[in-house]
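Next come the chains, spelled out residue by residue.
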Amino acid sequence: MAQRPEFNSRQKFVVFRDLKFAGRTFLEGQEFPWRSIGCSVRRLNQMYKARKLNMLDAQEPVTEEKLLAMEPEVKPVVKEVVKPVVKEVVKEVVKEVVKEVVDTSEEDKKPELSDEEKKAKKAARRKAARKAAKLAKGE
């Protein structure tokens, strides 16, 4: 099926197939003055989807000159030589950063709790939650 432009009520419409509307007969190729004859946008859209109307501005073919005018200008790429000095500087910075980093993995670890300590902690959380709920209710 052929692709059609999306419906736009701001465009002018032309009759694609002969049709009768508002007691008048419109012939193929004739402009359809939908505003002056009291046609709603909804009805206009229905007739467009039924392929009884075409949008006038959408029918204009695009010429080669217009296509060339629409194309963006392509600028030539200028190649610049980047010296490998950057790699050496990066290596030096990485070495300095590595020296500054201290291994804190043992200090950051949390102590492992036993099962009894975990249960006591969980019970304390429940008790605090119940107390907070009672205070919220106003008891």
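It should be noted that the structure appears before, not after, this text.
Residues numbered from 1 in each chain as written. Predicted model: local features only at pLDDT ≥ 70, side-chain atom pairs only at ≥ 80, totals over all residues. Heavy atoms only, no water.

Peer 1: Can you help me understand the overall build of the protein chain in this one?
Peer 2: Helix and strand content of the protein chain: five helices and four strands. Seen in sequence order, the protein chain has helices and strands lined up from the N terminus as β-β-β-α-β-α-α-α-α. The buried share of the protein chain, reckoned over its 139 residues, is 12%. Long-range contacts, defined here as pairs at least 24 residues apart, represent 52% of the contacts in the protein chain between residues at least 6 apart. (Helix = DSSP H or I, 4+ residues; strand = E, 2+ residues; numbered from the N terminus. Buried < 20%, exposed > 50% of the residue type's maximum accessible area, 1.4 Å probe, protein only. Contact = heavy atoms within 4.5 Å.)

Peer 1: I would appreciate a short explanation of the packing of aromatic side chains in the present structure.
Peer 2: Any two aromatic rings considered together are summarised by their centre-to-centre distance and by the angle between their planes. A complete count under the given rule lists five aromatic pairs for this structure. Linked through ring pairs, Phe7, Phe13 and Tyr48 together constitute an aromatic cluster. The positively charged end of Arg4 is found above the aromatic ring belonging to Tyr48, 4.0 Å away from the centroid. (Phe/Tyr/Trp six-rings, centres within 6.5 Å; stacked < 30°, edge-to-face > 60°. Lys NZ or Arg CZ within 6 Å of the ring centre and 35° of its normal.)

Peer 1: Help me understand helix α5 (residues 115-137), please; the structure alone is not making it clear to me.
Peer 2: In an α-helix there are 3.6 residues to a turn, and that puts residues three or four apart on one side. With 23 residues, α5 should reach 33 Å at 1.5 Å per residue; the first-to-last C-alpha distance of 33 Å fits that figure. Directly after α5, the chain includes Gly138, whose backbone phi takes a positive value near 95 degrees. (Expected span 1.5 Å × (residues − 1).)

Peer 1: Would you explain helix α1 (residues 41-49) in this entry?
Peer 2: Of the positions making up α1, those classed as buried are Leu44, Asn45, Met47 and Tyr48. The arc that holds the buried residues of α1, viewed along the axis, is 165 degrees, so those residues lie on one side. In α1, those exposed residues whose orientation departs by more than 90 degrees from the buried face are Arg42 and Lys49. In the core, the buried residues of α1 are packed alongside β1 (13-15), β2 (19-21) and β4 (53-55). (Arc of directions from axis to C-beta.)

By themselves, these figures tell us nothing about what the structure is for.
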